[in-house]
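Okay, here's what each chain looks like letter by letter:
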Amino acid sequence: MSYFFQLVVSGIVVGSIYALAALGFVLIYKSSKVLNIAHGQIIAAGAFIAYALTGMAGIPIYISFFLSMVITFFLAMSVERIFLRRLIGEPIISVIMVTIGLMSILDGLIFLTPFGSVNFSFPRFLPRTLISFGGVSISWTQLVGVIVTAVMIGGFSWFFKKSTVGISMRAVSDDQFASMSVGISVPRVFGLAWATAGLSAAAAGVIIGNITGLNFETLQAFGITVFPVVILGGLDSILGAVVAGVIMGIIQQFASGYLDGNWGLNGTAEVLPYIILLIILLFKPHGLFGIHEIERV
């Protein structure tokens, strides 16, 4: 039984990281109906910025964590301003294709640095001992990652529901022209959406980097790995990202722990979440918490 609960706890840890990484997708889609395919590269950029501040500049990791979020905040805002601002009002597919091109550009830029081909690791700043309770263990790094994720997701949920800017972003997502008619600046909202997505991406990158190490392929792959989480939860739902992230995390841990471990299979942890995703979408095409919009014909 302790093995079962260990898998559940591990699934929650992995799922919370998925949720934080998926949050960037949700933030941008929630305000602009755009999928940012380059989100994984922004996650990697945030993690490497934090490492550069800590490992090269000697700044304490607690400070570099916040500085990396601030820098990535403005980096993502600049990306939107340079590459996407002129596409406001254009077909969504055009914007998505630009994000695919942006993904290739960021890949190339990162590969020009040592971070593209060399593995790094953050300096240890938490105890190495495990926290054990009832036969279930969790590392301090994982525990801090879950706490930071919960705080950030809670903060973004409040931001969208209660703040004036958050409500404006939701209004732009619903109808850009109606939002402009009441004085909301659509370009400003788009820039802020990308900036806040960059902030959450940096936080996810640092947490992932502390748990798994700093490897560019691993970090940028998270942008695709969490895509089923975003679809399952609902593209415009923060709560959906959290619930779907935990579901996917637990499914992966059970598949790895039982199917791969006991049945001699291989790779079920990577395949099974997609199978579950397809089954659920047959009954809930907009995801678990996605908004089903009915348009006039």
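Definitions and limits used
Residues numbered from 1 in each chain as written. Predicted model: local features only at pLDDT ≥ 70, side-chain atom pairs only at ≥ 80, totals over all residues. Heavy atoms only, no water. Helix = DSSP H or I, 4+ residues; strand = E, 2+ residues; numbered from the N terminus. Contact = heavy atoms within 4.5 Å. 1 Å grid on protein atoms, 1.4 Å probe; cavity = no way out; pocket = protein on both sides within 12 Å on 5 of 7 lines; lining within 4 Å. Points joined across faces, edges and corners; volume = space filled by probe spheres on them. Nonpolar A, V, L, I, M, F, W, Y, C, P; charged D, E, K, R; others polar. Pairing = 2+ DSSP bridges. Phe/Tyr/Trp six-rings, centres within 6.5 Å; stacked < 30°, edge-to-face > 60°. Buried < 20%, exposed > 50% of the residue type's maximum accessible area, 1.4 Å probe, protein only.

1. Regarding the side chain of Glu-80
Point 1. Among the secondary structure elements, Glu-80 is positioned in helix α3 (residues 61-84).
Point 2. The contacts of Glu-80, once residues within four sequence positions are left out, are Arg-85, Pro-187, Phe-190, Gly-191 and Trp-194.

2. Looking at empty space enclosed by the protein
Point 1. As enumerated under the stated definition, the model contains 1 cavity of 30 Å³ or more in all.
Point 2. Computed from the structure, the largest cavity encloses a volume of approximately 50 Å³.
Point 3. Contributing elements (two or more residues each) for the lining of the largest cavity: α2 (39-56), α3 and α4 (92-111).
Point 4. When the residues that make up the lining of the largest cavity are grouped by side-chain class, the tally is 7 nonpolar, 1 polar and no charged.

3. Some words on the pairing of strand β2 (residues 136-139)
Remember that side chains alternate between the two faces of the sheet whenever the strand is regular.
Point 1. Relative to β2, strand β1 (residues 130-133) runs antiparallel, the two being bridged by 4 bridges. Among the inter-strand pairings, Phe-133 is bridged to a residue of β2, identified as Val-136.

4. Here we look at the packing of aromatic side chains
Given two aromatic rings, one states the distance between the centres and the angle between the planes to describe the pair.
Point 1. Overall, the coordinates contain 14 aromatic pairs when judged by the stated rule.
Point 2. Geometrically, the ring pair formed by Phe-4 and Phe-254 is tilted, given 5.3 Å between the ring centres and 35 degrees between the ring planes. Taken together, the residues span a long stretch of sequence, with Phe-4 in helix α1 (residues 2-32) and Phe-254 in helix α11 (residues 238-262) at a distance of 250 residues.
Point 3. Taking 6.2 Å as the distance between ring centres and 90 degrees as the angle between the ring planes, the aromatic pair formed by Tyr-51 and Phe-115 counts as edge-to-face. Pair noted here: Tyr-51 is in helix α2 and Phe-115 is in the loop between α4 and β1, with a separation of 64 residues, a long-range link. Side by side, Tyr-51 and Phe-115 carry an identical accessibility label, which is buried.
Point 4. Taken together, the ring pairs in this structure connect Tyr-3, Phe-4, Phe-5, Phe-254 and Tyr-258 into an aromatic cluster.

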